[in-house]
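Spelled out from the first residue to the last, the chains are:
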Protein chains: 2
Amino acid sequence: MTESRILTIKKKILGKNDQMAQGLREEFDLNDVFVANLVSSPGAGKTELLRATMSELRKNYVPAAVTGDLATENDAHRLAESGALAKQILTGTMCHLEVDMVQNAIKGWDLTDLDFLFIENVGNLVCPGDFDLGEDTRIMLIATTEGEDKPLKYPTLISTCDVVVINKMDIAEAVECDVALLERNIHEVRPGVPIFKTSAKKGGGMDAWIAFLIEQFEVKKAQAA
Amino acid sequence: MTESRILTIKKKILGKNDQMAQGLREEFDLNDVFVANLVSSPGAGKTELLRATMSELRKNYVPAAVTGDLATENDAHRLAESGALAKQILTGTMCHLEVDMVQNAIKGWDLTDLDFLFIENVGNLVCPGDFDLGEDTRIMLIATTEGEDKPLKYPTLISTCDVVVINKMDIAEAVECDVALLERNIHEVRPGVPIFKTSAKKGGGMDAWIAFLIEQFEVKKAQAA
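Peer 1: Would you mind going over the sheet that holds strand E2 (residues 63-69) of chain B with me for this structure?
Peer 2: Within a sheet, adjacent strands bond to each other through the backbone by hydrogen bonds, running parallel or antiparallel. Residue and element names in this part refer to chain B. A sheet is described by the order of its strands in space; here seven strands give the open sequence E3-E2-E4-E1-E5-E6-E7, paired in parallel fashion. Only two strands of the sheet have a single partner each, and these edge strands are strand E3 (85-90) and strand E7 (195-197). Pairwise comparison of adjacent strand axes, ignoring direction, gives a mean angle of 20° for this sheet. Examined bridge by bridge, strand E5 (residues 137-143) and strand E6 (residues 163-167) share five bridges and lie parallel to one another. In the sheet register, Ile-139 faces E6, and the bridge partner there is Val-163.

Listed below in structure tokens is the structure:
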């Protein structure tokens, strides 16, 4: 099996995924659903951020989420605490989500009812980057606990994201994170990308973050009308 | 391209890696080098633990390290601060190390001079699990900042490791980590696996950890003699 043969196969898999993602994106657009793909290291706080975000959004909108993990339904249960629709995707040994998994997970959901769909990817700083899931926006979480150098050492995913959320701001000092340096490193890899700072667990920074999501949704809806 | 065809190709790649790993392992054995493959999420503290470990080991032994990242030579520079030999492996977009990368990295090193070789894998809780690097032991780091549920949600890698190090113990309280629960979850996935608790940055727990490594090395050497 030659290197070029393996690359050809990878391209075919990606090609098929991208084609399906485009179809799903059109379906989301048709139904005015704003879709966000959340990527990060394991433990950056995606589930906690989503739980808090959906709790707040539910006051005026209809959010839902699908969440990918290798095993356990823990995250779907935690997300359901927000009162929003949530479904677990179990990937087994797979290190990322592909669009057919998302499509299967939302089967039976009436998209006309939804305003926001959050896709919580498998915690992995590399592999999810290649796979379009039909999202409007790719959101990357970085926790203050991960070290300021991560954007430079793992540039793949961050260089394809539309928004960055620095989470666990409440413990930045305790873990000796230089947040200004982290921001500089993010912008070195992805110049100009919007950065939000949150403490999902304690509630800090959530207002600006949620206002941003609502604005994105309203703009999409207005453009479609 | 059918699913079974893709699986066949994956098996071939793994088969070739395993074969090369066996050859490298024999070379390590012949030269009494104790080899450890360190895996974890990005930011769990592999580099800091290795730097501290090699500084200490150097008093009586000859340690060396190779370290994998997608980009930057930062980690090799940090590891070299210990005074030990250290080499960076740049993986580009690759999410794990394969044995040929390790083989190339140590080319030119005289293995008869070495006692310990540490291989710091790419930070990734899933993909490195499939790839044998010729190591004697696979060490998994989990930081207290990652959440107690990680062993259950990402069981692949932990179920193939020989030792677990819970790192960042010094901030366990600040990040509200229930260490006893984390240990229970580790043992649920990997019953009986030895667990060490360290604060690589502050020095806590390092004595027991280093004594364990030295014992492993001495046992290997005694068995070979």
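Next comes the rest of the write-up.
Peer 1: Quick question: what am I supposed to make of the confidence of the model for chain A here?
Peer 2: The predicted coordinates ought not to be read in detail in places where the model reports low pLDDT. Residue-level pLDDT values for chain A average 95, and 98% of them are 70 or greater. As a predicted assembly, this complex carries a pTM of 0.94 together with an ipTM value of 0.90.

Peer 1: What am I meant to see in the side chain of A:Asp115 here?
Peer 2: All names here are of chain A. Relative to the elements of secondary structure, Asp-115 occurs in the loop between helix H4 (99-105) and strand E4 (116-120). Put simply, Asp-115 is tucked away with no salt bridge, and the nearest opposite charge, on Lys-221, sits 5.3 Å away. For Asp-115, the residues in contact, after removing those within four places along its chain, are Asp-32, Val-33, Phe-34, Tyr-61, Val-62 and Phe-217.

Peer 1: Can you help me understand empty space enclosed by the protein in this one?
Peer 2: In this approach a probe as big as a water molecule rolls over the atoms, and the regions it shows empty are the leftover space. The tally for this structure, following the rule as stated, stands at one cavity of 30 Å³ or more. The calculated volume of the largest cavity comes to roughly 70 Å³. As for the largest cavity, its lining consists of 13 residues, of which A:Thr145, A:Glu146, B:Pro42, B:Thr145 and B:Glu146 are closest to the centre. Here the residues of the lining of the largest cavity are counted per class, giving four nonpolar, six polar and three charged.

Cut-off values and rules
All residue numbers refer to positions counted from 1 along the written sequence of the respective chain. Chain letters start at A and ligand numbers start at 1, both assigned in the order the entries are written. For this predicted model, a pLDDT threshold of at least 70 governs which residues receive local features, and a threshold of 80 or more governs which side-chain atom pairs are given and counted, while totals over whole chains, interfaces and linings are taken from all residues. As a convention, hydrogens and water are excluded, and side-chain values are obtained from all of the structure's heavy atoms. Any two strands between which DSSP finds at least two bridges are classified as paired. Secondary structure follows DSSP: runs of H or I at least 4 residues long count as helices, runs of E at least 2 residues long count as strands, and numbering of each begins at the N terminus. Only the contacting stretch of a helix is used when fitting its axis, a line to C-alpha atoms as for every element, and angles between N-to-C directions run 0 to 180 degrees. For every residue, the predictor states its confidence as a pLDDT score lying anywhere from 0 to 100. Exposure categories follow from relative accessible area, calculated using a 1.4 Å probe and restricted to protein chains: below 20% of the type maximum is buried, above 50% is exposed, and the middle band is partly exposed. Just so you know, the count uses Lys and Arg for positive and Asp and Glu for negative, and it drops His and the chain ends. Salt bridges are identified by distance alone: a Lys or Arg side-chain nitrogen within 4 Å of an Asp or Glu carboxyl oxygen. Any two residues whose heavy atoms approach within 4.5 Å are treated as being in contact. Only protein atoms enter the 1 Å grid used here, on which a cavity is any set of points holding a 1.4 Å probe that cannot leave and a pocket is any open set flanked by protein within 12 Å on both sides along at least five of seven lines; residues with an atom within 4 Å of a point are listed as lining. Grid points are joined across faces, edges and corners, and a volume is the space filled by probe spheres set on the points. Ten residue types, Ala, Val, Leu, Ile, Met, Phe, Trp, Tyr, Cys and Pro, are classed as nonpolar, four, Asp, Glu, Lys and Arg, as charged, and the remainder, Gly among them, as polar.

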